[in-house]
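So the chains spell out like this:
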Amino acid sequence: KAGVTQTPRYLIKTRGQQVTLSCSPISGHRSVSWYQQTPGQGLQFLFEYFSETQRNKGNFPGRFSGRQFSNSRSEMNVSTLELGDSALYLCASSLAEERNTEAFFGQGTRLTVV
Amino acid sequence: AQSVAQPEDQVNVAEGNPLTVKCTYSVSGNPYLFWYVQYPNRGLQFLLKYITGDNLVKGSYGFEAEFNKSQTSFHLKKPSALVSDSALYFCAVRLFNTGKLIFGQGTTLQVKP
């Protein structure tokens, strides 16, 4: 069974540009969450999607957005990139909405903003 | 507010010795607790979880964790450390009815030969 797939693995962008990251969850998983990981702030929750609906959103500016498609694949978009957006972005999928199920993470997309 | 704390930034142990990585939590209601491990430039790998039942939970790669409700702790343990266990370990709690995980700040485990 294939794991969570994130593309691309690495990305270099210039300040002011926008970027789209993609996540394909494990087959059958309907919940997809996104996290930002930085050395200073650790792992921070961005948002969660379930059945194409955003269920929760973290404390990030509106430049960060996401969506989920009918096949559960998800994308996140960051507009007007800032240097501080440089981070490892992790996607996680889980089988169901019950909180007792574990989330499985992709390998992440390393975004560098220059 | 819900939170997770890992009081040690780094834990150093010798190979073959037992290891403990500490985690305490603060949540409303019954906690659903998880441990993940991260190797350099990789995503997080699930190790184990506590949902209900026995306070001692066994997971992958010989790891186990002890849930202590009175001390609100969920410490990760392994009887005999391996050099290959060296990595970054995260404790997390999952919030009610959501997929949102709140993570501790992480603990770097260094196992020396």
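Residues numbered from 1 in each chain as written. Chains lettered and ligands numbered in written order. Predicted model: local features only at pLDDT ≥ 70, side-chain atom pairs only at ≥ 80, totals over all residues. Heavy atoms only, no water.

The subject of this paragraph is the overall build of chain A. Each helix and strand in chain A was counted, giving 0 helices and 11 strands. Ordered by position from N to C terminus, the α and β elements of chain A give β-β-β-β-β-β-β-β-β-β-β. Seen through its C-alpha atoms, chain A measures out along the principal axes to roughly 40 × 25 × 25 Å. Across the 114 residues in chain A, those meeting the buried criterion constitute 51%. Counting only contacts in chain A whose residues sit at least 6 apart along the sequence, the fraction spanning at least 24 positions is 54%. A total accessible area of about 5,300 Å² is found for chain A, and carbon and sulfur atoms account for 47% of it. Distance between charge centres in chain A, computed from 12 positive and 8 negative side chains, equals 6 Å. (Helix = DSSP H or I, 4+ residues; strand = E, 2+ residues; numbered from the N terminus. Buried < 20%, exposed > 50% of the residue type's maximum accessible area, 1.4 Å probe, protein only. Contact = heavy atoms within 4.5 Å. Areas by Shrake-Rupley, 256 points an atom, 1.4 Å probe, with all protein chains shown as cover. Lys, Arg positive; Asp, Glu negative; His and termini not counted. Charge placed at Lys NZ, Arg CZ, Asp CG, Glu CD.)

What chain B contains, in helices and strands, is 0 helices and 12 strands. Taken from the N to the C terminus, the helices and strands of chain B come in the order β-β-β-β-β-β-β-β-β-β-β-β. For a compact globule of 113 residues, the expected C-alpha radius of gyration is about 13 Å, and chain B comes in at 13 Å, within 12% of that figure. For chain B, the spread of C-alpha atoms along the three principal axes comes to 40 × 30 × 20 Å. Counting only residues that meet the buried cut, chain B has 47% of its 113 residues in that class. Taking contacts inside chain B between residues at least 6 apart in sequence as the whole, the part at least 24 apart equals 54%. Surface exposure of chain B reaches about 5,400 Å², of which carbon and sulfur atoms provide 48%. For chain B, the distance from the average position of its 10 positive side-chain charges to the average position of its 7 negative side-chain charges is 8 Å. (Rg over C-alpha atoms; globule rule 2.2 N^0.38 Å.)

Residues and elements named next belong to chain B. The element strand 5 (residues 32-38) is extensively covered by neighbouring structure, given that 7 of its 7 residues are classed as buried. Side-chain alternation along strand 5 places Tyr-32, Phe-34, Tyr-36 and Gln-38 on one buried face and Leu-33, Trp-35 and Val-37 on a second face that is also buried. Note: strand 5 against strand 6 (residues 44-50), 6 bridges, orientation antiparallel. Note on strand 6: the bridge partner recorded for Val-37 is Gln-45. (Pairing = 2+ DSSP bridges.)

Once that is clear, we can look at the interface of chain B and chain A. The figure often quoted for interface size is the accessible area lost as the parts come together. With 23 residues of chain B at the contact, the number on the chain A side is 24 residues. The interface formed by chain B and chain A includes 1 salt bridge. Close ionic contact of Lys-49 of chain B with Glu-102 of chain A constitutes a salt bridge, the shortest N to O distance being 2.6 Å. In this structure, the connection of chain B to chain A is made through 8 residue pairs in polar contact (both at pLDDT 80 or more). Elements represented by at least two residues in the side of chain B that touches chain A include exactly strand 5, strand 6, strand 10 (87-94) and strand 11 (101-103) of chain B. The element contributing the most residues to the side of chain B that touches chain A is strand 5 of chain B, with 4 residues. (Salt bridge = Lys/Arg side-chain N within 4 Å of Asp/Glu carboxyl O. Polar contact = N/O pair within 3.5 Å; in protein donor to acceptor, adjacent residues only side chain to side chain.)

The tally for this structure, following the rule as stated, stands at 2 disulfides over all chains. The side chain of Cys-23 of chain A participates in a disulfide bridge whose partner is Cys-91 of chain A; the two sulfur atoms lie 1.8 Å from each other. In this structure, the disulfide formed by Cys-23 of chain A and Cys-91 of chain A twists by about -60° around the S-S bond and is classed as left-handed. In this pair, Cys-23 of chain A sits in strand 3 (residues 19-24) while Cys-91 of chain A sits in strand 9 (residues 87-94), placing the two residues 68 residues apart along the sequence. Taking relative accessible area as the criterion, Cys-23 of chain A reaches 0% and is therefore assigned buried. We classify Cys-91 of chain A as buried; its relative accessible area is 0%. Residue Cys-23 of chain B pairs covalently with Cys-91 of chain B via a disulfide, S to S 2.0 Å. Handedness here is read from the sign of the S-S torsion; for Cys-23 of chain B and Cys-91 of chain B, about -60°, the answer is left-handed. One end of the pair, Cys-23 of chain B, is in the loop between strand 3 (19-21) and strand 4 (24-26); the other, Cys-91 of chain B, is in strand 10, with 68 residues separating them in the sequence. (Disulfide = S-S within 2.5 Å.)

Distances and angles like these do not, on their own, reveal function.
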